[in-house]
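Observations on the three-dimensional arrangement
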Amino acid sequence: AASVRRRLVEQKLSKYNLYAHDDLHFPKEKTVVLVPGQVEDDASIRFGAPGMTNLELLRQARDNCPEAYIVYKPHPDVLVGNRAGQVGEAEALRYADRVVTEVSLDSVLAHADEVHTMTSLVGFEALMRGKKVTTYGLPFYAGWGLTSDRYLCDRRTRQLGLDELVAGALLLYPRYLDPETKRPCEIEVVLDAIAAEKARSQRSDAFRGLKYVRTIIARKTQIVFRLFNQLV
C-alpha cells in the first residue's frame, strides 16, 4: 500500500488527469484551505451529505477558518456544464479568496495545508499527501481517525493507519482490468496505463484538446441517455 501511495503522489496521478500542472502562488503567511466543488446531484452528496451544496460548503469552510486563504476548485464536470453544482465566481468569492479552474489538482494540493470537503475523492488524495482533511459528509475515508469529521458514522469504530485505508480502498476492495487485454491485472498495470496516457496528453496540445472534447461529448451523451430512460 505504501508503494502505491508513493507512486500516486510522486507521479501526480489523480482521478482527473486532464489539466496541466502549474506553479501556483498563495500567501505564505496564511493557512491555505482547498475547497473542492462536487456534482450536487451525485449519490455521494444525496446520501452522504444531504442538504449540502457547494456554496454551503464554502460558507461553512469560511466560518470554520475565518483567517485562512480559501481556494475553491470547481468540479470539472460542473465547470463544462455537464452536471449540477455551478457556483458563480462572484458568489464563490464571497467566501473564497481565489477560484482556480483549468489547472491540475496536484498543483493546488502541493500548496494547500488543509482540504475541506463534503465527500470528494480529493479528501482521500489529500490524506495520501499528508494534508489535514475536514469532512462535512460521510465519504469512505472518514470516521477512521484520519480526518476531522462534522458527522459521525456509528458503524466505523476502528482506527486505521493511512496505508491500511489505502490498502482497503485501492488494493483489497477493487478489481482491475488491463485496458489493453481486458483481463484481470494488478493495480500497477493500470497505473502504468494512466501514466502513459497522461504523458501523451502533456506532450501534445492537440491530444489534450481532443481528450477534453471527448470528455464533454461522453458526458452529454450520458445526460441524453439518462433523460431518455426517465421518459420511457
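Right above here is the structure, for reference.
Residues numbered from 1 in each chain as written. Predicted model: local features only at pLDDT ≥ 70, side-chain atom pairs only at ≥ 80, totals over all residues. Heavy atoms only, no water.

With a phi angle near 55 degrees, Lys 12 is a residue other than glycine that sits in the positive phi range. Mapping Lys 12 onto the fold places it in the loop between helix H1 (2–10) and strand S1 (32–36). Judged by relative accessible area, Lys 12 falls into the partly exposed class, the value being 35%. One non-glycine residue, Lys 182, adopts positive backbone phi at about 65 degrees. (Helix = DSSP H or I, 4+ residues; strand = E, 2+ residues; numbered from the N terminus. Buried < 20%, exposed > 50% of the residue type's maximum accessible area, 1.4 Å probe, protein only.)

So, on to the pairing of S1. Burial analysis of S1 places 5 of its 5 residues in the buried class, the great majority of the element. Every second residue of S1 is oriented toward a common face, with Val 32, Leu 34 and Pro 36 on one face and Val 33 and Val 35 on the other, all of them buried. Pairing of S1 with strand S2 (residues 69–73), which is carried by 5 bridges, proceeds in the parallel orientation. Looking across to S2, one finds that Val 35 is bridged to Tyr 72. (Pairing = 2+ DSSP bridges.)

With that settled, the discussion passes to the side chain of Ser 107. Topologically, Ser 107 is positioned in helix H6 (residues 105–109). A polar side-chain atom of Ser 107 sits 2.6 Å from a polar atom in the side chain of Ser 104. (Polar contact = N/O pair within 3.5 Å; in protein donor to acceptor, adjacent residues only side chain to side chain.)

Turning next to the packing of helix H7 (residues 121–128) against helix H8 (residues 162–172). Between H7 and H8, the least distance of the axes is 10 Å, while the angle of their chain directions is 135 degrees. Overall, the two elements H7 and H8 adopt an arrangement that is oblique. By crossing handedness, the relation of H7 to H8 is classed as left-handed. Across from Phe 124, Leu 127 and Met 128 in H7, the residues of H8 making contact are Leu 162, Leu 165, Val 166, Ala 169 and Leu 170. Residues that form the contact of H7 with H8 fall into these classes: 8 nonpolar, no polar and no charged. (Axes fitted to C-alpha atoms, helices over the stretch in contact; angles between N-to-C directions. Parallel < 35°, antiparallel > 145°, perpendicular 65-115°, else oblique. Left-handed = near helix turned anticlockwise from the far one by under 90°. Contact = heavy atoms within 4.5 Å. Nonpolar A, V, L, I, M, F, W, Y, C, P; charged D, E, K, R; others polar.)

Summed over all chains, the structure comprises 4 aromatic pairs. The interplanar angle of 40 degrees and the centroid separation of 5.8 Å between the aromatic rings of Phe 26 and Tyr 69 together place this pair among those described as tilted. Here the residue Phe 26 occupies a position in the loop between H1 and S1, and Tyr 69 occupies one in strand S2, the gap between them amounting to 43 residues. Between the aromatic rings of Phe 140 and Tyr 141, the centroid separation amounts to 5.2 Å while the plane-to-plane angle is 85 degrees, which identifies the pairing as edge-to-face. The class for Phe 140 is partly exposed, based on a relative accessible area of 37%. The class for Tyr 141 is buried, based on a relative accessible area of 0%. One aromatic cluster in this structure is built from Phe 124, Phe 140 and Tyr 141. (Phe/Tyr/Trp six-rings, centres within 6.5 Å; stacked < 30°, edge-to-face > 60°.)

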